[in-house]
Amino acid sequence: MGYKMRSIIELLEEELSAAFEKTGYDVKYAKVTISNRPDLCQYQCNGALSAAKEYHKAPIQIANDIVDILKESESFKEITAQMPGFINMTLSDEFLADVINKMAKSENYGCEKTENPEMIIIDYGGANVAKPLHIGHLRTAIIGESIKRTARFLGHKVIGDAHLGDWGLPIGLIITELKKRNPELVYFDENYDGEYPEEAPFDVSELEEIYPYASKYSKEHEDYKEEAQQAIAELQAGRKGYKALWQHIINVSVEDLKRVYTKLGTEFDLWKKESDAQPYIPDMVKAMKEEGYAHIDDGALVVDVKEESDTKEIPPCMILKSNGATLYNTTDLATIVERRKLFNPTKIIYVVDKRQELYFEQVFRCARKTKIIGDKTGLIFIGFGTMNGKDGKPFKTRDGGVLRLEQLFEDVYNKVLEKIEDRDMEDAMKDEVALKISLAAIKYGDLSNQASKDYIFDMERFTSFEGNTGPYILYTIVRIKSLFAKLHNEGIIVDEAGPIMPSVSKSGTDVMLSLLKWPDAVNDAYRESAPHKICQFIYELSDAFNKFYHENKIVTNEDENLRASYIRLCRMIGDILEKAIYLLGMEAPDRM
Ligand code: ARG
């Protein structure tokens with residue numbers, strides 16, 4: 001491994017700490033932040049303001065003491081004390097270049113792998129078998145994938161689990177409807193004890209037609225609904241013919257789900273299903289009863305999870321219904337038991353619609369109270385907001401239905417294809433490029449918002465090549481790629497391992513300052529499960545690069561040393577941008 005990189009903030013804090021210590025002030029005040037007045041300075045320390053109380057001195061006096069010491073430091077072009085007691089810092093060009101060169105030589109450009117890898121399970125996707133993926137599944141697939149890639153990039157062991165819904169009423173509805181349509185099928189013959197056919201009695205499009213039909217029908221026909229409930233109860237109790245049908249439903253759907261998730265660039269390590277947790281339920285329930293955590297309330301088995309400090313009502317967690325049936329809760333709790341047994345994770349992260357927040361609060365409390373999970377294991381709920389249409393309401397098709405994910409994808413693809421129609425490329429290439437841009441448009445449009453917030457899906461804006469959009473970011477990367485293609489074509493060979501020289505322009509300095517934010521952007525995004533922090537970084541760096549690119553001659557620079565230095569800088573920017581978009585689940589084409 002290369003140089004053990006410290007972030008610029010750490011480097012500056014070290015330097016300030018020495019000065020605080022030398023002047024007799026506590027080093028805890030030597031905190032550095034990026035300046036919120038970039039017109040005045042690059043970094044600042046506000047510690048003198050807080051230290052003033054302890055030392056009964058005017059803050060400016062303390063700031064002056066520190067500045068007096070650091071004035072001579074080669075790290076700064078300028079360091080000043082400003083009323084009422086700020087310490088403003090601007091790095092010297094040499095020091096800045098020095099840090100950039102160290103970054104260039106360290107693992108992942110200073111974004112090093114952790115020495116304490118965690119074992120993390122990410123529960124995302126959450127699709128339900130027999131139902132096509134629709135836009136309600138988009139955000140978890142995109143956000144979860146990014147959180148997974150980011151954690152893994154930092155050296156954590158991560159398992160992404162699709163946690164498919166395959167154990168509830170929808171399956172009962174499908175069985176009921178199939179029986180109504182094809183009562184002669186062998187699956188419904190209780191006396192049959194031969195082998196069941198290998199081929200499913202339906203294909204995916206039939207399956208997708210059956211479910212919404214049955215669901216609607218059950219809302220109008222109580223007896224039909226009861227039959228479906230009976231069917232799911234019998235399936236759960238192990239009725240053979242129903243199990244065989246259920247297995248067909250899973251096989252047919254999973255194949256289709258895999259296809260669509262692959263298109264989206266979402267890759268699960270595990271394709272576990274709710275039903276996989278069922279074997280863990282009996283022992284779990286038994287222990288909850290024996291240890292006195294669960295009690296009967298109105299016939300149902302429940303665990304109280306309210307706490308004294310609650311400001312809102314947290315209802316008990318229901319484990320078994322009065323008829324003994326298990327619930328969504330029961331499955332999620334048993335899944336925790338299963339995950340603990342199979343993987344012993346240090347953390348489980350759930351990326352689910354934020355409307356399920358209260359539900360997860362109950363489940364987490366119940367898991368802790370009943371000790372099915374140890375205190376050291378983190379249970380983290382990342383609730384995301386809704387993707388809305390331009391009217392501010394949940395995104396719908398023109399006739400008010402839910403939009404299939406594939407349809408959304410296709411609409412965006414067509415829009416993008418229109419935009420690159422006049423490019424001089426072969427059709428296959430155009431297709432590939434349009435696919436990459438479409439994905440970037442959708443993903444970046446989503447991920448650039450804080451996950452918990454709702455956002456508006458704006459086709460025009462998301463697919464625009466300008467502004468804070470996915471296509472703009474790809475465009476920037478493509479620009480860098482073309483620059484290298486040009487060098488290659490012109491036979492210009494540059495020793496890329498050589499040093500990057502101190503900046504000689506404002507735009508050069510700005511792009512370097514943006515680069516310095518890379519390790520913190522990734523680490524913050526990981527720590528807070530917040531991919532939008534990576535987007536912020538990417539956008540800022542792209543903007544800084546494009547300015548730099550416009551204002552400086554790169555390939556055509558007459559000064560050969562400067563040209564080589566710029567090329568190295570461009571390589572670093574391009575590499576970091578590509579790593580960064582990988583963390584978002586995006587990929588850049590070579591041209592666009
Ligand atoms: N299948 C569920 C739904 O459609 C989402 C699953 C979320 N994950 C979980 N562990 N409960 O609402």
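The text that follows walks through the structure, step by step, so that each part is easy to find. (Residues numbered from 1 in each chain as written. Predicted model: local features only at pLDDT ≥ 70, side-chain atom pairs only at ≥ 80, totals over all residues. Heavy atoms only, no water.)

1. Quick look at helix H19 (residues 532-551)
In a regular helix each residue adds 1.5 Å, so 20 residues correspond to 28 Å; H19 covers 29 Å between its end C-alpha atoms and thus fits that length. Buried residues of H19: His 532, Ile 534, Cys 535, Phe 537, Ile 538, Leu 541, Ser 542, Ala 544, Phe 545, Asn 546 and Phe 548, and no others. At its buried positions, H19 is contacted by helix H5 (138-153), helix H14 (427-447), helix H16 (470-489), helix H17 (506-515), helix H18 (518-527) and helix H20 (560-584). (Helix = DSSP H or I, 4+ residues; strand = E, 2+ residues; numbered from the N terminus. Expected span 1.5 Å × (residues − 1). Buried < 20%, exposed > 50% of the residue type's maximum accessible area, 1.4 Å probe, protein only. Contact = heavy atoms within 4.5 Å.)

2. Some words on the pattern of salt bridges
Here the structure, examined in full by the defined rule, presents 46 salt bridges. Residue Asp 68 is joined to Lys 71 by a salt bridge in which the shortest nitrogen-to-oxygen separation is 3.0 Å. Across the salt bridge formed by Arg 149 and Glu 267, the nearest N and O atoms sit 3.9 Å from each other. One end of the pair, Arg 149, is in helix H5; the other, Glu 267, is in the loop between helix H9 (240-264) and helix H10 (281-290), with 118 residues separating them in the sequence. Residue Glu 267 is classed as partly exposed on the basis of its relative accessible area of 48%. One salt-bridge network, held together by shared partners, links Glu 145, Lys 148, Arg 149 and Glu 267. (Salt bridge = Lys/Arg side-chain N within 4 Å of Asp/Glu carboxyl O.)

3. Looking at the sheet that holds strand E11 (residues 378-384)
What the four strands build is an open sheet, ordered E6-E5-E10-E11; its pairing is parallel. Each edge of the open sheet carries a strand with a single partner, namely strand E6 (157-161) and E11. Neighbouring strand axes in the sheet, compared pairwise and without regard to direction, differ in orientation by 20 degrees on average. Here strand E10 (residues 347-353) pairs with E11 via seven bridges, running parallel. Bridge assignment links Val 352 to a residue of E11, and that residue is Gly 383. (Pairing = 2+ DSSP bridges. Axes fitted to C-alpha atoms, helices over the stretch in contact; angles between N-to-C directions.)

4. Quick word on the site of the ligand
Around the ligand lies a shell formed by Asp 123, Gly 126, Asn 128, His 163, Tyr 328, Asp 332, Tyr 350, Val 352, Gln 356 and Phe 360. One nitrogen or oxygen atom from the side chain of Asn 128 is found 2.9 Å from a nitrogen atom belonging to the ligand. A distance of 2.8 Å separates a nitrogen atom of the ligand from a polar side-chain atom of Asp 332. When the ligand is considered free in solution it has 350 Å² of accessible area, and contact with the protein chains removes 83% of it. Of all the secondary structure elements, the ones that give two or more residues to the shell around the ligand are helix H11 (328-343) and E10. (Near = heavy atom within 4 Å. Polar contact = N/O pair within 3.5 Å; in protein donor to acceptor, adjacent residues only side chain to side chain. Areas by Shrake-Rupley, 256 points an atom, 1.4 Å probe, with all protein chains shown as cover.)

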